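Structural characterization, general
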Amino acid sequence: MGASVLTTATRSPAAPVEESRGSRFTGWAANYVDERTSISGLVKELGRKIFPDHWSFMLGEVALYSFVVILLSGTFLTFFFQASMTSVIYDGSYAPLKGIEMSNAMQSTLDISFDIRGGLLMRQIHHWAALLFIASIGLHMLRIYFTGAFRKPREINWVVGFILFILAMAEGFTGYSLPDDLLSGNGLRIIDGLIKGIPIVGTWISYLLFGSQFPGTDIVPRLFTLHILLLPAILVAALGIHLVLLVINKHTQFAGPGKTNNNVVGVPIMPTFAAKAGGFFFIIFGVIALIASLFTINPIWTYGPYDPSPVSAGTQPDWYIGFADGALRLVPPHLEWLWGPYTFSLNIFLPVVVLGLFIVVVMFYPFLEAWVTGDKREHHIADRPRNAPTRTAIGAAGVTFYAVLWGAASSDLIATHFLISIEGVITTLQILLIVGPIIAYFVTKRICIGLMKKDREIALHGYESGRIVRLPGGEYIEVHEQLDPYERWRLISFEDYQPLMVRPNAKGEITVAQRVRAGLSNWFFEDRIAPVSRTELAAAHGDAHGALEGDAGAHGAIGH
Amino acid sequence: MAKNSSSPVKSRAAGRRSPLASVALIVIGLMSTGGAYALFTSSATADSSVVKTQVVEEGAKLYAANCATCHGLNLEGSGTGPSLLGVGAAATQFQVGTGRMPLAASGPQAPQKPAQFTDAQVNALAAFVASKAPGPAAPTAAQLTASNDPAKGAELFRINCAMCHNVAGAGGALTEGKYAPSLSGVSAKYVWDAMVSGPQNMPVFNDNNISPEDKANIITYLKYLDKTPSVGGYDLGNLGPVSEGLFIWIFGLGTVVGITIWLTAKSN
Amino acid sequence: MAQHDDGVTDGSPVDDHTAAGSSLEKAMPHDSGIAVLTDDLMENPGFPPHRPRQTDLDPKKDKRAEKQVTFLFYLSIVGSIFAVAAYVAFPIVPGDMESVRTNNLLLGLGIALGMLGIGLGAVHWAKQLMSDIELVEERHGTRGTDATRAKAVEIFALGNKESGFTRRGLIRNSLIGALVLTPIPAVVLFRDLAPAADPIPLLQHTVWKKGTRLTRDPSGTPIKASDVTIGSAFHVIPEGLNELDDKLEEKAKAAVLLMRLKPEDLHVTAGRETWNYDGIVAYSKICTHVGCPVALYEQQTHHLLCPCHQSQFDITHEAAVIFGPANRPLPQLPITIDSEGYLVARSDFHEPVGPSFWERQF
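Residues numbered from 1 in each chain as written. Chains lettered and ligands numbered in written order. Predicted model: local features only at pLDDT ≥ 70, side-chain atom pairs only at ≥ 80, totals over all residues. Heavy atoms only, no water.

**Details of the overall build of chain A**
For clarity, the cut-off: Helix and strand definitions here come from DSSP, where helices need a minimum of 4 consecutive H or I residues and strands a minimum of 2 consecutive E residues; each element is numbered from the N-terminal end. Burial status follows relative accessibility: with a 1.4 Å probe on protein chains alone, a residue under 20% of its type maximum counts as buried, one over 50% as exposed, and anything between as partly exposed. Contact criterion: two residues are considered in contact whenever any of their non-hydrogen atoms come within 4.5 Å of each other. Shrake-Rupley sampling with a 1.4 Å probe provides the accessible areas, and residues are treated as covered by the protein chains on show and by no other component. This count recognises Lys and Arg as positive and Asp and Glu as negative, with His and chain-terminal groups excluded. Just so you know, the charge point we use is NZ for Lys, CZ for Arg, CG for Asp and CD for Glu.
The helix and strand inventory of chain A stands at 21 helices and ten strands. Oriented by its inertia axes, the alpha-carbon framework of chain A measures out at about 95 × 75 × 60 Å. Buried positions account for 57% of the 560 residues belonging to chain A. Taking contacts inside chain A between residues at least 6 apart in sequence as the whole, the part at least 24 apart equals 73%. Total accessible area on chain A stands at roughly 22700 Å², and carbon and sulfur atoms take up 69% of it. Of the charged side chains in chain A, 41 are positive and 44 negative, and the gap between their average positions amounts to 7 Å.

Structure (structure tokens):
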């Protein structure tokens, strides 16, 4: 394609031989644009860029497209929403709130819901899309983590993506607080309490944030500015970097026949991937619109306006803040001390610190693993999770930790729905928070190693066919069906690492860092299972070697 | 909520019904024996004072047969049941009318279940209990509709009730396995009864705390919630962000992942 | 073998595969760390043969897929028109929630159909009718070529030389110092996010004072001791709160829960004997954990439960924490009655209400 499109008709199978009016117009328009933008260079560069096909590679796109939906629906909402905490008497069309004093923010949100056609739909699209946005980011990150797609050269993009995740949560929380309803007001009150619990500066940060004592009349307009101006601006900028780095690094791909660390195999952007990805945007938009037309979200009219006295049973934040709320619930009692005249509230500060550490560990994990392996090569083949057992097990432990905190945020609903006592739920979750990740780690690691062993067995000896054959000597054997070379390649193509041997450096010393690194690498790779080698396969079935070589032809071995 | 919360007819939670099966049998038995009483009371409408005495007598018989074991022959209570002196007609109507009493099994709190007595029998029991010692009376039809300001009711509901029963009346957790039941579909009279009598761990909201008109307003609001459809679509149990979060992860993201698999699968 | 099938598309950015096979390695002669490198590896078997689709083989299937795609696009048009029609035909009748629901449902379904029609159609088109032959693109090391990097270094060196950034240390250091200081005014600017008053005295006091009547929330009507029967729970605000300008801020500190227990159930510590009135006790409703209203009163167990983080307080033991993350008991409001029998506060709370803060004991 490229430049040829500018002067001649677009080539499509159905295009007539002579130039139609349409194609003449296309040519003219393309020429017009290119002479002013030199866009042909971009088309040439990117038009046939290859994008590998795998369902899990689409998760980031889900996030991207829900973000576009959020921008569109959010813009509509700003036309009607009034970010003001000025007190008004509601006189809209919802009978159970008529005559009730509330803030302008709440009233305008009610008006959007009940008096503007499509307003409720836009609110629900906005909110559902926000939930989907953050959920899909979460799933996207899990995919990146478990396939090791954060390895060189993508560590920076992992960090950028992680910042996007934090920004998305911040966007979510600021948006959730805007209607100034009872639920979000109590959420803000919890934030206020949380901030006040920070040693030394907490009281003042809360005072400055709320512009007075809680709740004040400033928090909604301030959060609104953050929600529609500063946070989206940073988010879009980070998103831009994220996508540019994606183009520069090219997408990872799973191991497969013909796929190497040196190539990208897949469909070109023009036209197949563009059609799929473009269509996918409309599908995501459609799915969100479908959910928003069928399912209520955040019915602020039942919550009522914010008032510091009432509270609802089952007061919870949106799902993505749940882990923080759960952490607050699981803290054991009496973790508060006086240091002279100062009050140190570890019951509040501990969750802040633990969650902060958790976030930092997740954010810097790629650098940790890179340091342990010492591997400075670029990696473009995504791991199957089982082939990196320790990483996968660490991930499973982290997911369990997060999930327990998340579950704790709905401890009261768990109690009522399963008819157990709330104290029992909380105590169980407190124990699970410590024990759960450990169990998850070992179970996952065993499963991974088991799967690797099974893969190895299958690669060497084939599948059990279930066919029993009697040999001339009277011996019975089960016939194993051999894999074809393509299938086998999927099973045996992965990186192998061994624990680091501690050696003295040039000065004849063994440094502490060296020891730590050796210890960590031992932890990572002591149970390693090596990929099937040529010799092993040849030994397993003498004549297979030649057949395997057959198709390999001009392809180089995988990049080592 | 899968709690025994809605009206007796709508009671769900099949898994927990097994202990109630025996109760159902007892109900059938009682219905057949109690039918005579019901017939009798419905036909007696003539002289009010005579009727009242008769009703109290029936109540006494029902009480002796069904309640005295735990609450004592003279309502004085026993080790297994509290004294009923002074609980009034409201408490009796609530506990028996919603099937909480007689208790099927001991637990953190008496669950709602299909009522074992007819309305007439419940009234008879209530009249009997009220005759022994004064207590909060059951509401009259006029009291229940004395006022109908849903906004006032909603505001009072948020301040006095929502912390346990949830702003949408979906119910919520209390300590040690107890819970505040869902209020959706609960009859107006039982809501009133509960407010004035404070069943189990619910505090009492006497007429000096929430005036009779405001009680009617609260009931108006609850009825408004019952009859107004969830405006934005299915309400996902009115459980707030938790159900929304679960929905988006399981169904929202589930659908989307299904689509990505279709989208990237090789076609035949 | 740029293409693993004969359906080579011209213009695909595929370099000579064999030559470029090790281009990445060449570009990054990097340490492989503790990776196990061996020559005994299996070889990549190369691409499996391309399997044609039904639409590639059967013109009828191709035609059918084309019709399906067209149908989906038409469906989208129907959806969009339906959405507009629903917008007009199902307006919102003020006060009629059913009409809002209908409007939301039909408008949403129309838009969803409009979107899904295009989306599903485009994907179906791509999957069935566009080429499904996979192409190969070479990767190149992410780092720039040595020449480029050398040029970049040269540019920086030149910049340094021409500006004297390294050489003129005085200039550089004073610039760094100036830059470090520039954000300071911004920090100062944030001071006026809140009024001048010190927040700590504000957090230590509420509007309760000696003689303030306890009134019902939200009406503000005073409460007689005789109104509060055993087992009752009243949600209380101080008299006159509704007239205050900073009503919500004061309410956020002054909200109180009033309960009556049997006097013999109360375990009163020394110094608090006069704080209850005949078994009527008043406690701050603001949780000492992070400030949710602790309003779930169980009249039989006399426990208070916070619905946000499940802290539990025992009213019989002066709201001592018996479960959950909170540390301190809820502050008690000393109460008595005035000459007319109305409940009044004896004083403000004797300690700051609500969540802990650093300067709480000041």
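**Description of the pattern of salt bridges**
Spelled out, the test is: In the sections that follow, a salt bridge refers to a side-chain nitrogen of Lys or Arg positioned within 4 Å of a carboxyl oxygen of Asp or Glu.
Under the counting rule described, the total for this entry stands at 43 salt bridges over all chains. Ionic pairing is found between Arg534 of chain A and Glu43 of chain C, a salt bridge with its closest N-O pair at 3.7 Å. Residue Arg534 of chain A is found in helix α20 (residues 534-540), and its partner Glu43 of chain C is found in the loop between α2 (23-27) and α3 (54-57); the two belong to separate chains. Residue class for Arg534 of chain A comes out partly exposed when judged on its relative accessible area of 21%. Connected via shared salt-bridge partners are Arg151, Glu369, Asp383 and Arg391 of chain A.

**A closer look at the domain arrangement of chain A**
Interfaces are often described in size by the accessible area the parts lose on coming together. The cut-off we apply is this: What counts as a domain boundary in this text is fixed by an automatic or database domain assignment.
Considered domain by domain, chain A is made up of domain 1 (2-46) and domain 2 (50-383). The centre of domain 1 of chain A, based on its C-alpha atoms, is set 41 Å off from the matching centre of domain 2 of chain A.

**What about the sheet that holds strand β5 (residues 263-268) of chain A?**
Here is the rule: Should DSSP find at least two bridges between two strands, the strands are taken to pair. In this description, a line fitted to the C-alpha atoms serves as the axis of each element, helices being fitted only across the stretch in contact, and the angle between N-to-C directions of two axes falls anywhere from 0 to 180 degrees.
Taken in spatial order, the three strands of this open sheet run β1(A)-β5(A)-β1(C), and their pairing is antiparallel. The sheet is open, and its two edges are formed by β1 (50-51) of chain A together with β1 (135-138) of chain C, each paired on a single side. With two bridges connecting them, β1 of chain A and β5 of chain A associate as antiparallel partners. Each residue of the ladder has a partner; that of Ile50 of chain A, found in β5 of chain A, is Pro268 of chain A. The strands that helix α11 (residues 269-294) of chain A touches are β1 and β5 of chain A; relative to β5 of chain A, the one it contacts most, it runs at about 75°.

**Some words on the nonpolar core**
Stated precisely, the cut-off is as follows: Buried residues of nine kinds, namely Ala, Val, Leu, Ile, Met, Phe, Trp, Tyr and Cys, make up a nonpolar core once their side-chain atoms join them within 4.5 Å.
Tyr94, Leu110, Phe114, Trp128, Phe133, Phe280 and Trp301 of chain A are the most contacted members of the largest nonpolar core, which has 163 residues in total. With 17 residues, helix α6 (residues 119-146) of chain A is the largest single contributor of residues to this core. With near-sequence residues (within four places) excluded, Tyr94 of chain A lies in contact with Phe114 and Trp301 of chain A, Tyr224 and Leu225 of chain B together with Met97 of chain C. In this structure, Ile190 of chain A together with Leu257, Leu305 and Phe313 of chain C belong to the second largest nonpolar core, which totals 32 residues.

**Section: the state of the cysteines**
Basically, it comes down to this: Cysteine sulfur atoms are paired as a disulfide whenever they come within 2.5 Å of each other.
Taken as a whole and assessed by the stated rule, the structure comprises one disulfide over all chains. Across the disulfide from Cys292 of chain C sits Cys308 of chain C; the S-S distance is 2.1 Å. Disulfide Cys292 of chain C-Cys308 of chain C: torsion about the S-S bond near -85°, hence left-handed. Separated by 16 residues along the polypeptide, Cys292 of chain C in the loop between β5 (280-284) and β6 (296-298) and Cys308 of chain C in the loop between β7 (303-305) and β8 (312-314) bring together distant segments of the chain. In this structure Cys308 of chain C comes out as buried when scored by relative accessible area, which is 0%. Left without a disulfide partner, Cys161 of chain B is nearest to the cysteine sulfur of Cys164 of chain B, which lies 8.7 Å away. A residue is classified by how much of its surface remains accessible, and Cys161 of chain B, at 11% relative accessible area, is buried.

**Re the interface of chain C and chain B**
Under the convention used in this document: A quick way to say it: buried area is the sum, across both parts, of accessible area lost when two parts are put together, with a 1.4 Å probe.
The partner chain B presents 33 residues to the 37 residues of chain C that form the contact. Carbon and sulfur atoms supply 54% of the area buried between chain C and chain B, which totals about 3100 Å² over both sides. Counting the surface chain C buries against chain B, the share from its top three residues, Arg101, Lys127 and Glu298 of chain C, is 19%. Taken together, chain C and chain B are joined by two salt bridges.

**Some thoughts on the domain arrangement of chain C**
For chain C, the domain assignment lists domain 1 (59-133 + 146-193) and domain 2 (201-345). The centre of domain 1 of chain C, based on its C-alpha atoms, is set 51 Å off from the matching centre of domain 2 of chain C.

**So, the packing of aromatic side chains**
Under the convention used in this document: Working definition: rings of Phe, Tyr and Trp (its six-membered ring) pair if their centres are within 6.5 Å, and the pair is stacked with planes under 30 degrees apart, edge-to-face with planes over 60 apart, and tilted otherwise. Charge-over-ring placement is defined geometrically: NZ (Lys) or CZ (Arg) within 6 Å of the ring centre, and within 35 degrees of the ring normal.
The tally for this structure, following the rule as stated, stands at 48 aromatic pairs over all chains. For the pair Tyr145 of chain A and Phe146 of chain A, a centre-to-centre distance of 5.2 Å together with 90° between the ring planes defines the contact as edge-to-face. Just as Tyr145 of chain A is buried, Phe146 of chain A falls in that class too. In textbook terms, an aromatic cluster arises when at least three aromatic residues are bridged by ring pairs, as seen for Trp319, Tyr320, Phe323, Tyr402 and Trp406 of chain A together with Trp249 of chain B. Looking at Arg36 of chain A, its charged tip hangs above the ring of Tyr32 of chain A, at a distance of 3.7 Å from the centre.

**Observations concerning the sheet that holds β7 of chain C**
Working definition: the strands of a sheet are paired by backbone hydrogen bonds and lie parallel or antiparallel to each other. Residues and elements named next belong to chain C. In space, the four strands of this open sheet follow the order β6-β7-β8-β9, with antiparallel pairing throughout. With partners counted over all chains shown, the strands left at the sheet margins are β6 and β9 (320-323), one partner each. Between one strand axis and the next, the sheet turns through 30° on average, direction left out of account.

**A look at unusual backbone geometry**
Put simply, Lys152 of chain A and Pro153 of chain A share a cis peptide bond, and its omega is 10°. Here Pro153 of chain A is to be found in the loop between α6 and α7 (155-177). Residue Pro218 of chain C is reached from Asp217 of chain C by a cis peptide bond, and omega for that bond is 5°. Secondary-structure assignment places Pro218 of chain C in the loop between β2 (214-216) and β3 (233-238). Here His302 of chain C, not a glycine, exhibits a phi torsion of approximately 60°, which is positive. Along the chain, His302 of chain C turns up in the loop between β6 and β7. Of note in this structure, Glu318 of chain C is not a glycine but carries a positive phi near 55°. With respect to the secondary-structure elements, Glu318 of chain C resides in the loop between β8 and β9. Its relative accessible area of 11% is what places Glu318 of chain C among the buried residues.

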